[in-house]
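Summary of structural features
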Amino acid sequence: MSTEPRDRQHWMEEIAFLEARLNGSQGDIDKEDRVACEEALKAAKINLAACR
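The sections below set out a description of the structure shown in this document. In this numbering scheme, every chain counts its residues from 1 along its sequence in written order. In keeping with the model being predicted, local features are shown solely for residues with a pLDDT of at least 70 and side-chain atom pairs are shown and tallied solely at 80 or more, while totals for entire chains, interfaces and linings include all residues. Only hydrogens and water are removed before side-chain values are computed, so all heavy atoms of the structure are retained for them.

**As for the nonpolar core**
Counting nine residues, the largest nonpolar core consists of Trp 11, Ile 15, Leu 18, Leu 22, Ile 29, Cys 37, Leu 41, Ala 44 and Leu 48. Note on contacts: a residue pair qualifies if any of its non-hydrogen atoms lie within 4.5 Å across the two residues. For Cys 37, the residues in contact, after removing those within four places along its chain, are Leu 18, Arg 21, Leu 22 and Ile 29. As used here, the term nonpolar core means buried Ala, Val, Leu, Ile, Met, Phe, Trp, Tyr and Cys residues forming a set that is joined through side-chain atoms within 4.5 Å. A simple rule labels every residue: compare its accessible area, found with a 1.4 Å probe on the protein chains alone, to the largest value its type can have, and call it buried under 20%, exposed over 50%, or partly exposed in between.

**Some details on helix 1 (residues 8–23)**
Runs of H or I in DSSP of at least four residues are treated as helices and runs of E of at least two as strands, each being numbered from the N terminus. By definition here, a helix of n residues has an expected span of 1.5 Å times n minus one. Across its 16 residues, helix 1 extends 22 Å between first and last C-alpha, which sits within 8% of the 22 Å expected from 1.5 Å per residue. Within helix 1, the full set of buried residues consists of Trp 11, Ile 15, Leu 18, Ala 20, Arg 21 and Leu 22. Those residues of helix 1 that are buried are in contact with helix 2 (31–50). Immediately downstream of helix 1, the backbone of Gly 24 shows phi near 85°, a positive value.

**Side note on helix 2**
Residues spaced three or four apart along an α-helix point in a common direction, a consequence of the helix completing one turn every 3.6 residues. Taking 1.5 Å of rise per residue, 20 residues should cover 28 Å, and helix 2 covers 29 Å from first to last C-alpha, within 8% of that figure. Among the structural elements, helix 1 are those in contact with the buried residues of helix 2. Definition of a polar contact: a pair of N or O atoms within 3.5 Å, with one able to donate and the other able to accept a hydrogen when the atoms are protein atoms, and with sequence-neighbouring residues admitted only if both atoms are side-chain atoms. Its side-chain oxygen at 3.2 Å from the backbone nitrogen of Glu 32, Asp 30 defines the N-terminal cap of helix 2.

**A closer look at the pattern of salt bridges**
A pairing counts as a salt bridge when a side-chain nitrogen of Lys or Arg comes within 4 Å of a carboxyl oxygen of Asp or Glu. One pass over the structure, following the stated rule, counts three salt bridges. Ionic pairing is found between Arg 21 and Asp 33, a salt bridge with its closest N-O pair at 3.6 Å. One end of the pair, Arg 21, is in helix 1; the other, Asp 33, is in helix 2, and twelve residues separate them in sequence. The partner of Lys 42 in a salt bridge is Glu 39, with the nearest N and O atoms 3.5 Å apart. Placement of the pair is Lys 42 and Glu 39 together in helix 2, with a separation of three residues, close to one helical turn. A relative accessible area of 47% places Glu 39 in the partly exposed class.

Structural data, given as structure tokens:
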């Protein structure tokens, strides 16, 4: 695993993926997955803001 910090592009892609997952465009999502994705989305947005 890389120890380099993630760049802005990585977090933008992560956010897009998680939003798509939450919108259901990648299939059904159960309650546990939804909660995990929502938490990951919050973290990704914080990390993106830190890249600026």
